[in-house]
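Architecture at a glance
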Amino acid sequence: MNIPVIDTRPTAAARLDGKVALVTGSTSGIGLGIARAFAEAGARVVLNGLGDPGEVERLRADLAASTGATVHYAPADMSRPDSIAAMMQDLLDRAGGVDILVNNAGVQHVAPLDRFPPEKWDQILAINLSSAFHTTRLALPAMRARGWGRIINVASAHGLVASPFKSAYVAAKHGIVGLTKVTALETAEDGITCNAICPGYVYTPLVEAQIEGQARAHGLPRERVVRDVLLAQQPNKRFATVEEMGAIAVFLAGAPSITGVALPADGGWTAH
Ligand code: NAD
């Protein structure tokens, strides 16, 4: 049996050179911010996510040109285990697997529990939770063989606390925090770490649309909507940025002893 030599040296950003980083759901928002941070740190980045093929290609080419990194795109549908398996097999064949796996793809639906559409429940659980199980189980053998791997799950403050009307999202995010801990325990001696980032509100196009929508719906000025509606639970009263999420992900990729952690990045939300 081949026993891999475990590399426990801290990995400065520059030392992500040559690592292959797959970021699911990285055609926009937090995923794209994390993909950019890994590209800037020298990793070879694989983007994934939905989007118009022309726009996705522009995004890919832009990221490659502005960072000098090699950037690929894998068009897998994260709601479908067969599609995920095909992507992971392709990455194994082309690159020998992934070194850094960021499970970030996620969707939301808001409705009271007794009126929550069952098909939305299934979709949210599939994309926000089961996809991470499938990518992780398929990424682990190559990580173990190399004795190095980083798995970063983008959970949410809603992985630690609940809000009404978000049953599927809160269940999926609590679930991925649990999956993070199990993965960390099972890989702890293999040079692999698994952690979750638990953001509060992060400023993305989706959040901007919510500000506009809520301002119209309540007839409130934008600043009131931000402070009293969206950031009602968030003590620091400001949105985090996707660049900050990227920096946290790169930090976790360079920290061999941090594993099994659900790290709040929520401006104090879960300190309540
Ligand atoms: P976003 O809508 O900007 O990005 C979501 C990404 O997931 C997109 O690239 C989209 O194409 C992709 N995606 C959706 N369904 C997919 C599918 N079936 N297959 C492949 N890709 C799919 O959202 P975001 O705000 O950047 O959220 C990213 C992650 O961060 C999510 O898991 C979300 O729950 C989490 N999060 C976001 C916030 C926030 O305030 N924005 C806060 C906490 C956690």
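What counts and what doesn't
- Residues numbered from 1 in each chain as written.
- Predicted model: local features only at pLDDT ≥ 70, side-chain atom pairs only at ≥ 80, totals over all residues.
- Heavy atoms only, no water.
- Helix = DSSP H or I, 4+ residues; strand = E, 2+ residues; numbered from the N terminus.
- Rg over C-alpha atoms; globule rule 2.2 N^0.38 Å.
- Contact = heavy atoms within 4.5 Å.
- Areas by Shrake-Rupley, 256 points an atom, 1.4 Å probe, with all protein chains shown as cover.
- Lys, Arg positive; Asp, Glu negative; His and termini not counted.
- Charge placed at Lys NZ, Arg CZ, Asp CG, Glu CD.
- 1 Å grid on protein atoms, 1.4 Å probe; cavity = no way out; pocket = protein on both sides within 12 Å on 5 of 7 lines; lining within 4 Å.
- Points joined across faces, edges and corners; volume = space filled by probe spheres on them.
- Salt bridge = Lys/Arg side-chain N within 4 Å of Asp/Glu carboxyl O.
- Buried < 20%, exposed > 50% of the residue type's maximum accessible area, 1.4 Å probe, protein only.
- Arc of directions from axis to C-beta.
- Domains from an automatic or database assignment.
- Buried area = accessible area lost by both parts, 1.4 Å probe.
- Near = heavy atom within 4 Å.
- Polar contact = N/O pair within 3.5 Å; in protein donor to acceptor, adjacent residues only side chain to side chain.
- Nonpolar A, V, L, I, M, F, W, Y, C, P; charged D, E, K, R; others polar.
- Phe/Tyr/Trp six-rings, centres within 6.5 Å; stacked < 30°, edge-to-face > 60°.
- Lys NZ or Arg CZ within 6 Å of the ring centre and 35° of its normal.

Some thoughts on the overall build of the protein chain
The number of helices and strands found in the protein chain is eight helices and seven strands. The C-alpha radius of gyration of the protein chain comes to 18 Å, within 12% of the 19 Å expected for a compact globule of 272 residues. Once the C-alpha set of the protein chain is aligned to its principal axes, its extents read approximately 65 × 40 × 35 Å. For the protein chain, contacts bridging at least 24 residues in sequence account for 74% of all contacts bridging at least 6. For the protein chain, the accessible area works out to roughly 12,900 Å², and carbon and sulfur atoms hold 57% of it. Between the mean site of the 24 positive side-chain charges and the mean site of the 25 negative ones, the protein chain shows a separation of 3 Å.

A closer look at empty space enclosed by the protein
Scanning the entire structure with this criterion turns up one cavity of 30 Å³ or more. Approximately 50 Å³ is the volume attributed to the largest cavity. Every residue along the wall of the largest cavity is listed here: Met88, Leu91, Leu92, Gly97, Val98, Leu138, Ala139 and Ala142. When residues of the lining of the largest cavity are traced back to their parent elements, those giving at least two are α3 (81-95) and α4 (118-146).

Topic: the pattern of salt bridges
Scanning all chains against the criterion turns up eight salt bridges. Look at the salt bridges and you will find they share partners, linking Glu208, Glu212 and Arg222 into a network.

Quick look at helix α7 (residues 222-230)
Within α7, the full set of buried residues consists of Val225, Val226 and Leu230. Down the axis of α7, the sector holding all buried residues measures 95 degrees, keeping them to one side. Contacts from the buried residues of α7 go to α6 (205-218).

Digging into the domain arrangement of the protein chain
Domain annotation for the protein chain reports domain 1 (14-202 + 240-271) and domain 2 (203-239). Distance between the C-alpha centres of domain 1 and domain 2: 25 Å. Contact with domain 1, which involves 13 residues of that partner, is made by twelve residues of domain 2. At the boundary of domain 1 with domain 2, total buried surface from both sides reaches about 970 Å², with 55% on carbon and sulfur atoms.

Notes on the site of the ligand
Every one of the 29 residues lining the ligand counts as a neighbour, but Thr27, Ser28, Asn104, Tyr169 and Val202 are closest to it. Separating an oxygen atom of the ligand from a side-chain N or O atom of Ser28 is a distance of 2.5 Å. Met78 is positioned with one of its backbone polar atoms (N or O) 2.8 Å from a nitrogen atom of the ligand. Out of a free accessible area of 830 Å², the ligand has 90% covered by protein chains. Here the residues of the shell around the ligand sort into 14 nonpolar, 13 polar and two charged.

Examining the layout of surface pockets
The gaps left among the atoms become clear once a water-sized probe is rolled over them. Its boundaries defined by the atoms lining it, the second largest pocket holds a volume of some 240 Å³. Elements that contribute at least two residues to the lining of the second largest pocket include exactly β2 (44-48), β3 (71-74) and α3. Ranked by residue count, the leading element in the lining of the second largest pocket is α3, at six residues. Among the residues forming the lining of the second largest pocket, the class breakdown is eleven nonpolar, one polar and three charged.

Concerning the packing of aromatic side chains
Applying the stated criterion to the full structure yields three aromatic pairs. Ring centres of Tyr201 and Phe239 lie 6.2 Å apart, and the angle between their planes is 70 degrees; this geometry places the pair in the edge-to-face category. Within this pair, whereas Tyr201 is found in the loop between β6 (192-199) and α6, its partner Phe239 is found in the loop between α7 and α8 (242-253), the two being separated by 38 residues in sequence. With a relative accessible area of 15%, Tyr201 lands in the buried category. One aromatic cluster is present, formed by Tyr201, Tyr203, Phe239 and Trp269 through successive ring pairs. Above the plane of the ring of Trp148 lies Lys19, whose end atom (NZ or CZ) is 4.0 Å from the centre.

A few points about the environment of Gly33
Mapping Gly33 onto the fold places it in helix α1 (residues 29-40). By relative accessible area, Gly33 is classed as buried at 11%. Those residues in contact with Gly33, other than ones at most four positions away along the chain, are Val242 and Gly246.

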